[in-house]
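For reference, the chains in residue letters:
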Amino acid sequence: MTIKDKMRIRLDVNNMFAESIGEEHGIKKERIDQYSDKVREIHKKIQGDKLGFMKLPYQEEELIKELQEMARERSECENFVILGIGGSALGSIALQTALNDPYYNINDQSRGNRPRIFVPDNVDPVRFNSLLETIDIKKTIFNVISKSGGTAETMSQFLIARQKVIEEVGIDNLADHFIATTSADSGYLIEIASKEGFPTFFIPEGVGGRFSVLTPVGLVFAAFAGIDIKELLSGARFMDEICDNDDIWTNPAYLNGLLQYLAYQGGKPLSVMMPYAHSLKDVADWYRQLWAESLGKEVDREGNIINVGPTPIKALGATDQHSQAQLYMEGPYDKVITFLEVEDYGVEVEIPEAYKEIEGVSYLGGHSLNKLIKTEKDATELALTRRNRLNCTIKIPEVNEFTMGQLLYLLELQTAFVGELFNINAFNQPGVELGKHYTYGILGRKGYENKKQEFNNRPQKNNDLIL
Ligand code: PA5
């Protein structure tokens, strides 16, 4: 077995089928076969068009070198802050939580001489202010990330950070503290970056925010945080090769996508991702955005109103066994649970033996936390299956760059494929845009006056209903 095969992530969908879950809720294997022509047609289309994100695993060595060079040149910085929101932030957060020490920012030994990483991903005044008050601005680099180059949250973060940098180091040294990651030829950020002389990285045309983790959006951060970019892309390439295959029964992205789609059509619109590893909890957060923003759509490709979209939910094992699991076990039959299971955690934590006379505690002694969390997962899976609840498992040999590259790519391809099954555009986000446009209008941005007017003319609230 090659190293790649040993590190291959696997999809176990046994508990999605009627044989395991029962006829009432389980999916019949014949249903899958009925889609084989459709799957071949979608495969041809996806591969023919080579969607933007599908080219990312094959990016030039040149870019990787440039990123590493930049991180080396700036290695004296103490803090690396990402200014961005949504797709411009969640991928980096997922990679940081997955691949670096859980206490990276305060663990000097595991961090080595790399900078601390901060991704506020919001404009909460308390949190953002506290960050800027806490870090040494003179030793900080900010990566401003915005594909559109004009998102209000990101540009506000930038304006505040810029002012702070000017106060601390003077306007002449601004370019030492900022990097811009944006579209090459549209938006205001590129205009500002060239005016200020900021080093700039580009988000390739045709790659939307939530599919951009393997562009400089995630890779600039990866270079600063010591994440092995080559291995990450190699994992994504490996999964791309596995999935360049129109046989539904051997293509994990398509098979899982079709099962999720059939579950949705069969009255199960809620899709829970439940990793049994804390390091993967932000992958579930990243996936929640990917799945929701790509598949929640009002119209199909022909413009018919369809209002579709599964609702993603993030959970964490074993923590949420003591929070959400009761609902999953006994509530409505409206969910599919996707477990993420890690085989090797890289560290084994023994539970010491003690209190021999107290059987209810002493049985734990001699086991390990590894065994406990694995058993908790197996037990939850069995309990759900016994209760005829759809569930599947993505098995991850260990959490490293190669397996993360596979996982992120698998989920992206699965999302694009399900978009085709729904016959929607999975790559736009008109609903998000509308909210942005109201914000622009209300804040007085030129060109959005009609949105301000709509806001001013909104129906007045009934005070009796505000208690
Ligand atoms: O996935 C998306 O397209 C969005 O979540 C965007 O990433 C988010 O709205 C931020 O947009 P931008 O990168 O243009 O600032």
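Up top you'll find the structure we're talking about.
Just so it is clear, the model here is predicted, and its values are computed rather than measured.

J.: It is not clear to me how the site of the ligand should be interpreted in this structure. Could you clarify?
T.: The immediate surroundings of the ligand are formed by 14 residues, with S88, S146, S148, T151 and Q289 found nearest. Here S88 contributes a side-chain N or O atom positioned 2.8 Å from an oxygen atom of the ligand. Within the contact set of the ligand, an oxygen atom lies 2.7 Å away from a side-chain nitrogen or oxygen of S148. Looking at side-chain class alone, the shell around the ligand contains 1 nonpolar, 9 polar and 4 charged residues.

J.: What is the right way to read the side chain of K377 from this model?
T.: As for its placement among the helices and strands, K377 is situated in helix α18 (residues 369–386). A relative accessible area of 1% places K377 in the buried class.

J.: Sorry, what's going on with the pattern of salt bridges here?
T.: A pair can form between side chains of opposite charge whenever their charged atoms are brought close. Under the definition given, this model contains 27 salt bridges. Close ionic contact of R72 with E69 constitutes a salt bridge, the shortest N to O distance being 3.1 Å. With R72 and E69 both in helix α6 (residues 61–73) and 3 residues apart, the pair spans about one turn of that helix. Classification of E69 as partly exposed rests on a relative accessible area of 36%. Within the structure, one salt-bridge network assembled from shared partners comprises E341, K374, K377, D378, E381 and K395.

J.: Is there a simple way to think about the packing of aromatic side chains in this case?
T.: What characterises a pair of aromatic rings is the spacing of the ring centres plus the angle enclosed by the ring planes. By the definition in use, this model includes 17 aromatic pairs. Clustering of aromatic rings is evident, with ring pairs tying together Y35, Y261, Y264 and F422. Lying across the ring of Y440, R445 places its NZ or CZ 4.2 Å from the centre. A cation sits over an aromatic face here: K451 above Y438, 5.6 Å from the ring centre.

J.: Please clarify how a negative patch on the surface should be interpreted in this entry.
T.: Negative charge collects at one region of the surface, where E241, D244, D246 and D247 lie side by side. As for its placement among the helices and strands, E241 is situated in helix α13 (residues 229–243). Owing to a relative accessible area of 46%, E241 belongs among the partly exposed residues under this scheme.

J.: Looking at this model, I keep getting lost on the pairing of strand β2 (residues 79–83). Mind explaining?
T.: Here is the key point about a regular strand: its side chains alternate between the two faces of the sheet. For β2, a buried count of 5 out of 5 residues is recorded, marking the element as mostly surrounded by other parts of the structure. Burial of β2 is two-sided: the residues N79, V81 and L83 facing one way and the residues F80 and I82 facing the other way are all buried. With 3 bridges connecting them, β2 and strand β3 (residues 116–118) associate as parallel partners. Across the sheet, the residue bridging to V81 is F118, located in β3. Relative to strand β4 (residues 140–146), β2 runs parallel, the two sharing 5 bridges. Each bridged residue has a counterpart across the sheet, and for V81 the counterpart in β4 is F142.

J.: Any chance you could explain the sheet that holds strand β11 (residues 335–344) here in plain terms?
T.: In sheet architecture, strand pairing relies on hydrogen bonds along the backbone and comes in two forms, parallel and antiparallel. Spatial ordering of the open sheet is given by β1-β12-β11-β7-β10, a layout of 5 strands whose pairing is mixed. The open sheet has two free edges, formed respectively by β1 (10–12) and β10 (311–314), since each of these has just one partner strand. Neighbour-to-neighbour, the strand axes of the sheet open up by a mean angle of 20°, direction not taken into account. Pairing of β11 with strand β12 (residues 391–398) involves 7 bridges; the strand directions are parallel. Residue pairing for β12: I337 is matched across the bridge by N391. On top of the sheet, α18 reaches β1, β11 and β12; it is set at about 155° to β11, its chief contact. Helix α19 (residues 401–422) contacts β7 (270–275), β11 and β12 of the sheet and is inclined by roughly 155° relative to β12.

Criteria and cut-off values
- Residues numbered from 1 in each chain as written.
- Predicted model: local features only at pLDDT ≥ 70, side-chain atom pairs only at ≥ 80, totals over all residues.
- Heavy atoms only, no water.
- Near = heavy atom within 4 Å.
- Polar contact = N/O pair within 3.5 Å; in protein donor to acceptor, adjacent residues only side chain to side chain.
- Nonpolar A, V, L, I, M, F, W, Y, C, P; charged D, E, K, R; others polar.
- Helix = DSSP H or I, 4+ residues; strand = E, 2+ residues; numbered from the N terminus.
- Buried < 20%, exposed > 50% of the residue type's maximum accessible area, 1.4 Å probe, protein only.
- Salt bridge = Lys/Arg side-chain N within 4 Å of Asp/Glu carboxyl O.
- Phe/Tyr/Trp six-rings, centres within 6.5 Å; stacked < 30°, edge-to-face > 60°.
- Lys NZ or Arg CZ within 6 Å of the ring centre and 35° of its normal.
- Patch = residues over 30% accessible without salt bridge, like charges linked within 9 Å, V, L, I, M, F, W, Y side chains within 5 Å.
- Areas by Shrake-Rupley, 256 points an atom, 1.4 Å probe, with all protein chains shown as cover.
- Lys, Arg positive; Asp, Glu negative; His and termini not counted.
- Charge placed at Lys NZ, Arg CZ, Asp CG, Glu CD.
- Pairing = 2+ DSSP bridges.
- Axes fitted to C-alpha atoms, helices over the stretch in contact; angles between N-to-C directions.
- Contact = heavy atoms within 4.5 Å.

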